[in-house]
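# What the coordinates show
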Amino acid sequence: AQSVSQHNHHVILSEAASLELGCNYSYGGTVNLFWYVQYPGQHLQLLLKYFSGDPLVKGIKGFEAEFIKSKFSFNLRKPSVQWSDTAEYFCAVNVAGGYQKVTFGIGTKLQVIP
Amino acid sequence: GAVVSQHPSWVICKSGTSVKIECRSLDFQATTMFWYRQFPKQSLMLMATSNEGSKATYEQGVEKDKFLINHASLTLSTLTVTSAHPEDSSFYICSARPLERTPLHFGNGTRLTVT
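Rules used in this analysis
- Residues numbered from 1 in each chain as written.
- Chains lettered and ligands numbered in written order.
- Predicted model: local features only at pLDDT ≥ 70, side-chain atom pairs only at ≥ 80, totals over all residues.
- Heavy atoms only, no water.
- Helix = DSSP H or I, 4+ residues; strand = E, 2+ residues; numbered from the N terminus.
- Contact = heavy atoms within 4.5 Å.
- Lys, Arg positive; Asp, Glu negative; His and termini not counted.
- Charge placed at Lys NZ, Arg CZ, Asp CG, Glu CD.
- Rg over C-alpha atoms; globule rule 2.2 N^0.38 Å.
- Areas by Shrake-Rupley, 256 points an atom, 1.4 Å probe, with all protein chains shown as cover.
- Salt bridge = Lys/Arg side-chain N within 4 Å of Asp/Glu carboxyl O.
- Polar contact = N/O pair within 3.5 Å; in protein donor to acceptor, adjacent residues only side chain to side chain.
- Phe/Tyr/Trp six-rings, centres within 6.5 Å; stacked < 30°, edge-to-face > 60°.
- Buried < 20%, exposed > 50% of the residue type's maximum accessible area, 1.4 Å probe, protein only.
- Pairing = 2+ DSSP bridges.
- Axes fitted to C-alpha atoms, helices over the stretch in contact; angles between N-to-C directions.

The number of helices and strands found in chain A is 0 helices and 12 strands. Along its sequence from the N terminus, chain A presents helices and strands in the succession β-β-β-β-β-β-β-β-β-β-β-β. Projected onto its principal axes, the C-alpha positions of chain A cover 40 × 25 × 20 Å. Of all intrachain contacts in chain A linking residues separated by at least 6 positions in sequence, the fraction that spans at least 24 positions is 55%. Distance between charge centres in chain A, computed from 9 positive and 7 negative side chains, equals 7 Å.

Here we take up the overall build of chain B. Counting secondary structure elements, chain B contains 0 helices and 11 strands. Its helices and strands in sequence order give chain B the pattern β-β-β-β-β-β-β-β-β-β-β, from N to C terminus. Whereas a compact globule of 115 residues would reach a radius of gyration of roughly 13 Å, chain B reaches 13 Å, a difference of no more than 12%. Viewed in the frame of its principal axes, chain B has a C-alpha envelope of about 40 × 25 × 20 Å. Pairs at least 24 apart in sequence give 53% of the contacts found in chain B among residues at least 6 apart. Accessible area of chain B: about 5,700 Å², with a carbon and sulfur share of 53%. In chain B, 11 side chains carry a positive charge and 9 a negative one; their mean positions are 4 Å apart.

Our focus in this paragraph is the interface of chain A and chain B. Taken together, the contact between chain A and chain B spans 20 residues of the former and 23 residues of the latter. Our count for the chain A to chain B interface comes out at 0 salt bridges. Where chain A touches chain B, the interface holds 2 residue pairs in polar contact (both at pLDDT 80 or more). Contributions of two or more residues to the side of chain A that touches chain B are made by strand 5 (31–38), strand 6 (45–50) and strand 10 (87–95) of chain A. Per-element accounting of the side of chain A that touches chain B gives the leading share, 4 residues, to strand 5 of chain A.

Turning next to the packing of aromatic side chains. Residue and element names in this part refer to chain A. Under the criterion given, the structure shown has 12 aromatic pairs over all chains. Ring plane angle 40° and centroid distance 6.0 Å describe the contact between Phe34 and Tyr36, whose orientation is recorded as tilted. Ring centres of Phe63 and Tyr89 lie 5.6 Å apart, and the angle between their planes is 45°; this geometry places the pair in the tilted category. With Phe63 in the loop between strand 7 (56–58) and strand 8 (64–68) and Tyr89 in strand 10, the pair connects residues that are 26 residues apart, well separated along the chain. In this structure, Phe63 and Tyr89 share a single accessibility class: buried.

Oppositely charged side chains can pair when the atoms bearing their charge come close. All names here are of chain A. Tallied over the entire structure, the rule returns 7 salt bridges over all chains. Glu64 is the partner of Lys58 in a salt bridge, and the nearest nitrogen-oxygen pair spans 2.8 Å. Look at Lys58 and you get exposed, because its relative accessible area is 63%. Residue Glu66 pairs with Arg77 through a salt bridge whose shortest N-O separation is 3.4 Å. With Glu66 in strand 8 and Arg77 in strand 9 (residues 73–78), the pair connects residues that are 11 residues apart, well separated along the chain. Glu66 sits in the partly exposed class, given a relative accessible area of 28%. Taking the relative accessible area as the measure of exposure, Arg77 reaches 23% and is therefore partly exposed. Taken together, the shared-partner salt bridges connect Lys58, Glu64, Glu66 and Arg77 into one network.

Right, let's get into unusual backbone geometry. In the segment running from His7(B) into Pro8(B), the intervening peptide bond is cis, with an omega of 0°. Among the structural elements, Pro8(B) can be located in the loop between strand 1 (4–7) and strand 2 (10–13). The backbone of Lys61(A) shows a phi angle near 60°, a positive value even though the residue is not glycine. Secondary-structure assignment places Lys61(A) in the loop between strand 7 and strand 8. Taking the relative accessible area as the measure of exposure, Lys61(A) reaches 47% and is therefore partly exposed.

Bringing the sheet that holds strand 1 of chain B into the picture now. Across a sheet, strands are paired by hydrogen bonds formed along the backbone, either parallel or antiparallel in direction. Residue and element names in this part refer to chain B. In space, the 4 strands of this open sheet follow the order 1-3-8-7, with antiparallel pairing throughout. Here the strands that pair on one side only, and so sit at the sheet edges, are strand 1 and strand 7 (67–73). Neighbour-to-neighbour, the strand axes of this sheet turn through a mean angle of 15°, independent of strand direction. Inspection of the sheet shows strand 1 paired to strand 3 (residues 19–25) by 4 bridges, in the antiparallel sense. Bridging from a neighbouring strand, Val4 pairs with Ser25 of strand 3.

As structure tokens, then:
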């Protein structure tokens, strides 16, 4: 079964700082990878996804993530965070093909200080 | 597009009663919906996969007689927490995807408090 590890549980940054949130998964086969975001009081929303092709994927709001297969990683990055990026971020993985279940990481709370 | 609606947003009930949570896909049909549970400071844990017209598939450790799932139509799945106990208090979230190989879309979640 697949699993997901997010190493940073709580991150505090000042505005304009750069962000990198780590995500590693365990599964030997082909996977689909996702980053979801949950803003305070709102539901989970998709930030970006990787299914195949270019391992560097760009999402909404200036976020990007890089899939490094050899490291089983899918780290989320943003060059310059804003106060509005304060939210909880979840990395997720599912085995490619079919309506396979999605497994989530524990989440990282990001707090951006103005 | 791809909106998932969940109702109610929050519910308080007494121990021993049952609570029903609805999950609807508003602008797409979903033969499969997923029910997750989120404990404070923990990840979303998949409880079960709801399959339209057939029995739900429960994850290991989830009591199927306690968490009844019904997926009666292509746009509606319900989760009924039967004989609720305080330890069932949690945040329940449903999700669905319009097509294979597309990301999940989530409902707003239901915060259940059992007193």
